[in-house]
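Now for the letters of each chain:
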Amino acid sequence: AITSVTGRRVLDSRGNPTVEVDVELADGSLGRAAVPSGASTGAREAVELRDGDPARWHGKGVDRAVQHVDTELAAVALGRDAEDQAGLDAALIAADGTPTKARLGANAILGVSLAAAKAAAAAHRLPLYRWLGGADARLLPVPMMNIVNGGAHADNPLDFQEFMIAPIGAATFAEAVRMGSEIFHTLRRDLLAAGHSTGVGDEGGFAPDLRTAEEALDFVVAAVERAGYRPGTDIGLVMDPASSEFFRDGVYDYAGEGVRRTPAEHADHLIKLIDAYPVVSVEDPMAEDDLDGWRDLTARVGGRCQLTGDDVFCTDEALLREGIATGVGNSVLVKVNQIGTLTEALGTVGAAHRAGWTVVISHRSGETEDTTIADLAVATGCGQIKTGSLSRSDRTAKYNQLLRIEEELGSTAQYAGTSALAR
Ligand code: PGA
Ligand code: ZN
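Values in this document were obtained by computation on a predicted structure and should not be read as measured data.

Novice: Let's hear about the sheet that holds strand β5 (residues 142-149): which residues, and what values?
Specialist: Hydrogen bonds between backbone atoms are what pair the strands of a sheet, whose relative direction is either parallel or antiparallel. Sheet architecture is closed into a barrel: eight strands sit in the order β5-β6-β7-β11-β12-β13-β14-β15, paired in mixed fashion. For this sheet, the mean inter-axis angle between neighbouring strands, taken without regard to orientation, is 25 degrees. Bridge count between strand β12 (residues 306-309) and strand β13 (residues 331-334): two bridges; the pairing is parallel. By the bridge assignment for β13, threonine 308 is matched with serine 331.

Novice: So what about empty space enclosed by the protein? Which residues, and what values?
Specialist: According to the stated counting rule, one finds two cavities of 30 Å³ or more in the structure shown. As a volume, the largest cavity reaches approximately 80 Å³. As for the largest cavity, its lining consists of Ala34, Pro36, Leu114, Val336, Glu367, Thr368, Asp370, Thr372, Ile373 and Lys398. The residue makeup of the lining of the largest cavity, split by class, is five nonpolar, two polar and three charged. Size it by volume and the second largest cavity reaches roughly 70 Å³. Around the second largest cavity sit 14 residues that line it, and His153, Gln161, Glu203, Lys335 and Ser365 are the ones nearest its centre.

Novice: Talk me through the coordination of the zinc ion (ligand 2); I want residue IDs and the actual numbers.
Specialist: Surrounding the zinc ion (ligand 2) are the protein donor atoms Asp240 (OD), Glu283 (OE) and Asp310 (OD), at 2.0 to 2.2 Å. Given the relative accessible area of 3%, glutamate 283 is considered buried.

Novice: Which residues make up the UniProt feature "binding site: (2R)-2-phosphoglycerate" (unreviewed entry) in the protein chain, and what values go with them?
Specialist: Residues annotated in UniProt with the feature "binding site: (2R)-2-phosphoglycerate" (unreviewed entry) correspond here to Gln161, Lys335, Arg364, Ser365 and Lys386. Residues from the annotated list that form part of the lining of the second largest cavity: Gln161, Lys335, Arg364, Ser365 and Lys386. Structurally, glutamine 161 can be placed in the loop between β5 and β6 (162-166). Apart from the residues lying within four places of it in its own chain, the contact partners of glutamine 161 are Ser40, Val148, Asn149, Gly150, Gly151, Ala152, His153, Asp240, Pro241 and Ala242.

Novice: Give a description of the packing of aromatic side chains that names residues and reports values.
Specialist: With the rule as written, the count across this model stands at nine aromatic pairs. Arranged with centres 4.6 Å apart and planes meeting at 10 degrees, the rings of phenylalanine 184 and phenylalanine 206 form a pair that is stacked. With a gap of 22 residues between them, phenylalanine 184 in helix α5 (residues 173-193) and phenylalanine 206 in the loop between α5 and α6 (213-226) connect regions that are remote in the sequence. Exposure class is identical for phenylalanine 184 and phenylalanine 206. Each is buried. Here phenylalanine 246 and tyrosine 254 contribute two aromatic rings whose centre-to-centre distance is 5.1 Å and whose plane-to-plane angle is 70 degrees, an arrangement assigned as edge-to-face. Taken individually, phenylalanine 246 and tyrosine 254 each receive the classification buried, so the pair is uniform in this respect. Of the aromatic side chains, those joined through ring pairs into one cluster are Phe160, Phe163, Phe246, Phe247, Tyr252 and Tyr254. Across the ring face of tyrosine 254, the terminal group of arginine 261 is positioned such that the distance to the ring centre comes to 4.2 Å.

Novice: If you had to explain the site of ligand 1 to someone new, which residues and values would you point to?
Specialist: Taken together, 14 residues lie near ligand 1, and Ala39, His153, Arg364, Ser365 and Lys386 sit nearest. Measuring from an oxygen atom of ligand 1, one finds a side-chain N or O atom of glutamate 283 at 3.0 Å. Interatomic distance of 3.1 Å between a side-chain N/O atom of aspartate 310 and an oxygen atom of ligand 1. For ligand 1, whose accessible area on its own is 280 Å², the fraction buried by protein is 100%. Because more than half of its atoms lie within 2 Å of the grid, ligand 1 is assigned to the second largest cavity.

Cut-offs used in this document
Per-chain numbering applies: the sequence of each chain, read as written, is numbered from 1 onward. Lettering for chains starts from A, numbering for ligands starts from 1, and both go in the order in which the items are written. Totals for whole chains, interfaces and linings use every residue, but because this is a predicted model, local features are given only for residues with pLDDT of at least 70 and side-chain atom pairs only at 80 or more, for both listing and counting. Values shown for side chains rest on all heavy atoms present in the structure; no hydrogens or waters enter the calculation. A strand pair is defined by DSSP finding two or more bridges across the two strands. Secondary structure follows DSSP: runs of H or I at least 4 residues long count as helices, runs of E at least 2 residues long count as strands, and numbering of each begins at the N terminus. For every element, the axis is a line fit to its C-alpha atoms; helices are fit only across the contacting stretch, and the angle between N-to-C directions ranges from 0 to 180 degrees. Definitions used for this entry: grid spacing 1 Å over protein atoms alone; cavity, a set of points where a 1.4 Å probe fits but cannot get out; pocket, an open set with protein on both sides within 12 Å along at least 5 of 7 lines; lining residue, one with an atom within 4 Å of a point. Grid points are joined across faces, edges and corners, and a volume is the space filled by probe spheres set on the points. Classification used: nonpolar for Ala, Val, Leu, Ile, Met, Phe, Trp, Tyr, Cys and Pro, charged for Asp, Glu, Lys and Arg, polar for all others including Gly. Each metal site is built from N, O and S donor atoms within 2.8 Å (3.2 Å for Na, K and Ca), and since water is not included, such sites may look incomplete. Per-residue accessibility, obtained with a 1.4 Å probe over protein chains only, is compared with the maximum for each type, and a residue is labelled buried under 20%, exposed over 50%, and partly exposed between these values. UniProt positions are given in the numbering used here, feature names are shortened, and annotations may be inferred rather than shown by experiment. By definition in these notes, contact holds between two residues if any of their heavy atoms fall within 4.5 Å. Only centres within 6.5 Å qualify two rings of Phe, Tyr or Trp (six-membered ring in Trp) as a pair; their planes then separate them into stacked at under 30 degrees, edge-to-face at over 60, and tilted for everything else. By the criterion adopted, a ring carries a charge over it if an Arg CZ or a Lys NZ lies within 6 Å of its centre and within 35 degrees of its normal. Nearness of a residue to a molecule or strand requires only that one of the residue's heavy atoms be within 4 Å of it. We call two N or O atoms a polar contact when they sit within 3.5 Å, provided that within protein one can donate a hydrogen and the other can accept it, with sequence-adjacent residues counted only if both atoms are side-chain atoms. Here the Shrake-Rupley method, with its probe set to 1.4 Å, supplies the accessible areas, and only the displayed protein chains count as covering residues. In this scheme, a molecule is assigned to a cavity or pocket if more than half of its atoms are within 2 Å of the grid points.

And the structure:
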């Protein structure tokens, strides 16, 4: 049974405060979880509770959320069986009482939910991926490594937020990490040689002064080749334009490029990129409020490329089901803090898998050293993870955890490879 629940304030990777929770069980088992935070958030995400006092932390304080952990949420959790994750999460949701977790804060609730799962795993002396995923959990995900940052994650003029490499042709996860690292360092040299800055953005990718997606993709393809890999065979390209961020008044406003595109022109542009480059997956190709655009693009792309919904679904099972029923993409991004409990996030994964959709487990742009999502990717067997570039410890911590998991699984480990992606 849960004997103590303690919240605290720690720093995230942007230097903002976030919630960390310790859950202790009667046998002394401890679970600890820190909550991430997004910058380009979906409108329908569960509510991250911030104090809003401009005199402290520029309004981003989480003192009230921490207090809710120590008082109301602790009162709900104390004495409960940590093994009953669904029961605990339902009780936490009921205690909050709002549809968006706005009263107690999704950040407070998620911290308790994840810490309880880790405590239960510890009590069973099992790694988290095994506790949640059972003995069959042995599929290592293809990492989507975000090596060029733009949009809300960097100060450069790039309109698209993320340009990623996915080592689909690797034999193991460890090899995928090596390939990614080699390409990352090759890209660094190429950018330097071209006179660009090699400072990194929020997710550890470079943030050069580029304007167009073509320029960014050309640099990435060149780095893949110069590092000795075959674009499209060894390495697939992945983009997250984060299109909701620049969709205004029915138009996609490319401020960096200085071009405005109608939904149809924006879709034409994306299809041109998908056809001209070895793009295997695009996340949020269309804005969350442009469902017509989403459906048109999904029909036009017709399985040539994975189309992953982030802002449009917000890890919400009900929104996902609607999307599945109406042809909005073929894949869902899962961010635990978009929905606020582990049980709900796993419910979304299950609904996607039952529909034959793929799932990408994802970090947020504001992260911590917490590596829960690495275990979640293996536990769900989803075969894909998005957790940033090959720099910044908040990103590499997840890759390092997956390296440990692959080592622990030994010869039973399987690397997802190309087959993980929807098409
Ligand atoms: P966020 O963005 O974590 O800043 O919301 C990540 C994404 O759009 O995938
Ligand atoms: Zn996204």
